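# Architecture and fold: a report
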Amino acid sequence: MKKRGIALLLCLGLLIGLSMPLQSLAEEDVIRIGLIEPLSGPLARLGAEEVRGADIALAEINAAGGINGKKVEWVRADAPTPDAAVSETERLITVEGVKVIMGSYSSGVAYAGSAVAEKNKVVWWENSGVATNITERGFQYLFRYGVTGSALGVTQADIINDLVAQKVGKAPQDLKIALIYEDSAYGTSVAEGCRKRAGEIGLNIVVDEGYNKDATDLSSLIMKMRQAEADVMAPTTYVADALLLFRQMQELNYKPLAVVMGANSVQDLKNALGDDINGLIHSDLTQPRTNEAAAKGLAAYIEEYRRVHNEEPWSAHSIRAYAGAKVLFDVIARAGSVDPDAVAAAARATDIPLFGTPAGWGVKFDENGQNERAVSFGCVWYEGNPQTIWPENAAWPGVEVLIPWRQ
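For the structure given in this document, a descriptive report is provided here. In every chain, residue numbers begin from 1 and rise along the written sequence. Side-chain atom pairs in this predicted model are given and counted only at pLDDT of 80 or more, local residue features only at pLDDT of at least 70, and totals for whole chains, interfaces and linings cover all residues. No hydrogens and no water enter the side-chain calculation; it runs on all heavy atoms of the structure.

## Overview of unusual backbone geometry
The test is simple: Only DSSP runs of H or I reaching four residues or more are called helices, and only runs of E reaching two or more are called strands; each is numbered from the N terminus. Burial classification: accessible surface area is computed with a 1.4 Å probe over protein chains only, and a residue below 20% of its type maximum counts as buried, one above 50% as exposed, and the rest as partly exposed.
Along the chain, Gly103 connects to Ser104 via a cis peptide bond; the corresponding omega equals 0°. Within the secondary structure, Ser104 is located in the loop between strand E3 (100-103) and helix H4 (107-119). Of note, the bond from Trp390 into Pro391 is cis; its omega dihedral lies within 30 degrees of zero at 0°. A positive phi is found at Ala263, a non-glycine position, where the angle reads about 70°. The residue Ala263 is located in the loop between strand E9 (258-262) and helix H9 (267-273) in this model. For Ala263, a relative accessible area of 9% puts it in the buried group. Despite not being glycine, Asn264 has its phi angle at roughly 65°, a positive value.

Next up, the structure:
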């Protein structure tokens, strides 16, 4: 009996030993990447839109045989707040065992989650959060494919200088500009970029003021712009405060010749403003209506999005996530694994020229992991859709810039 028991244990041990390599082999045949986005709460709509772009990129890479012959899977996480980003990033790393995490729409989520990833020597691949300070911390495992807030502000100033001045028939330095912004890291970083660029090219800022995005009354700020006779407004807002701003501008009869917003060319604005939105200009992400010459692969993505979802993209955010995922997949392929040091080295070696990805951006990371070739494009609402107008080679054909706006 004793001998038979020992033999049975030996057989069980042999079976377990044989099964472990098979299980390990199965795990090695799948590349698991964390995907963290706000999927609940007030940011959920745009978080879900980014997931749509990421999922199309995932389907494409797997249909093409995966990365180096291995299937790719997202390990998903919902992070509607910075606190949730910390806990979900910890879960992805300690429970799910991921070595690379992609996200995350929100600057707050990106800032908090990437700090946890850096502490654990896990790659954080950011497509979305624009606050400039995200890539000012000297992290070694953080890479931002997308634009900074400062870059959005630079394009705001360039659009005013290159396009608005011409349309209103004034020299750029004769325009009176109101630079207003919600005072979080997002708004202040966009304003910083616009302010700096305006100083370089000689634009005249007559109002420069921040406000709390949860404000319920912006009338004093509007009166200040009226009194300064600002004929161009350059606001950086979220959606709710933008709607408050525009409503109170009408009530107080403040009518600038042009409004050039920092980002947020989203459908919620159109739903609230209706036809009045036509002529509103944004420095923003690459729109679905962008010339393919300035965004390699964009047209094919838009066609696939329509096929999968049976509708037009709800915003430009899915384009950014799709393009960023494709670059990340290429980085992992060249790294040969998801080892964070290998992925980080491959990311630093990436060299894609401007206009070489579906978002229009090239890719070249600086020492802090910021993509130096991520540039903001300009768009205008025309016939009910945001359509690219700047730079010139990215412009959608047949678009008219309506100035004055909302007269």
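## Overview of the pattern of salt bridges
For clarity, the threshold we go by: Any carboxyl oxygen of Asp or Glu within 4 Å of a side-chain nitrogen of Lys or Arg constitutes a salt bridge here.
Enumeration over the complete set of coordinates arrives at 20 salt bridges. The partner of Arg197 in a salt bridge is Glu200, with the nearest N and O atoms 3.3 Å apart. In this pair, Arg197 and Glu200 are both assigned in helix H6 (residues 185-201), 3 residues apart and thus about one turn of the helix distant. Between Glu209 and Lys224 there is a salt bridge, with its nearest N and O atoms 2.6 Å apart. Of this pair, Glu209 sits in strand E7 (residues 204-211) while Lys224 sits in helix H7 (residues 219-227), and the two are 15 residues apart along the sequence. A relative accessible area of 26% places Glu209 in the partly exposed class. The network of salt bridges with common partners includes Arg32, Glu88, Arg91 and Glu96.

## Some details on the sheet that holds strand E5 (residues 142-144)
Worth spelling out the cut-off: Strands are treated as partners if at least two bridges between them are detected by DSSP. In this analysis an axis means a line fitted to C-alpha atoms, helices contributing only their contacting stretch, and an angle means the value between N-to-C directions, from 0 to 180 degrees. We call two residues contacting when some pair of their heavy atoms lies within 4.5 Å.
Reading across from one edge, E2-E1-E3-E4-E5 is the order of the 5 strands in this open sheet, with parallel pairing throughout. With one partner strand each, in any of the chains shown, strand E2 (71-78) and E5 form the two edges of the open sheet. Here the average twist between neighbouring strands, direction ignored, is 25°. Relative to E2, strand E1 (residues 30-37) runs parallel, the two being bridged by 8 bridges. Looking across to E2, one finds that Ile31 is bridged to Val72. Its contacts with the sheet place H4 against strand E4 (123-126) and E5, and it is angled at close to 160° to E4. Across the sheet, helix H12 (residues 340-348) lies against E3, E4 and E5, angled at about 40° from E4, the strand it touches most.

## Some remarks on the packing of H7 against helix H8 (residues 239-251)
For clarity, the threshold we go by: By definition in this entry, angles of less than 35 degrees are roughly parallel, angles greater than 145 are roughly antiparallel, angles of 65 to 115 are roughly perpendicular, and the rest are oblique. By definition, turning the near helix anticlockwise from the far helix through less than a right angle yields a left-handed crossing, and turning it clockwise yields a right-handed one. In this classification, the charged set is Asp, Glu, Lys and Arg, the nonpolar set is Ala, Val, Leu, Ile, Met, Phe, Trp, Tyr, Cys and Pro, and all remaining amino acids, among them Gly, are polar.
In contact at an axis separation of 10 Å, H7 and H8 are set at 55° when each is read in the N-to-C sense. Here H7 is positioned oblique relative to H8, judged by the angle of their axes. Considering how the two elements wind past one another, H7 and H8 form a crossing that is right-handed. Along the contact surface, H7 presents Ser219, Ile222 and Met225, while H8 presents Leu245, Gln248 and Met249. The class makeup of the residues in the contact of H7 with H8 is 4 nonpolar, 2 polar and no charged.

## Here we look at the pairing of strand E11 (residues 377-382)
The buried fraction of E11 is high, at 6 of 6 residues. In terms of strand pairing, strand E10 (residues 281-284) meets E11 through 4 bridges, oriented antiparallel. Bridging across to E11, His282 finds its partner in Cys379. The pairing of E11 with strand E12 (residues 385-390) spans 5 bridges and is classified as antiparallel. Following the sheet pairing, Gly378 is matched in E12 by Trp390. Hairpin remark: E11 followed by E12, antiparallel, with 2 residues in the connecting loop; positive phi at Glu383, about 55°.

## Some points on the side chain of Thr132
In this fold, Thr132 is placed in the loop between E4 and E5. Once residues within four sequence positions are removed from consideration, Thr132 is found in contact with Arg144, Thr148, Gly149, Ser150 and Ser189.

## A short note on H8
For clarity, the cut-off: Helix span is expected to be 1.5 Å times the residue number reduced by one.
Compared with the 18 Å implied by 1.5 Å per residue over 13 residues, the 19 Å span of H8 between its first and last C-alpha is a close match. Along H8, the residues that are buried comprise Asp241, Ala242, Leu244, Leu245, Phe246, Gln248 and Met249. The first or second residue beyond H8 is Asn253, which carries a positive phi of 60°.

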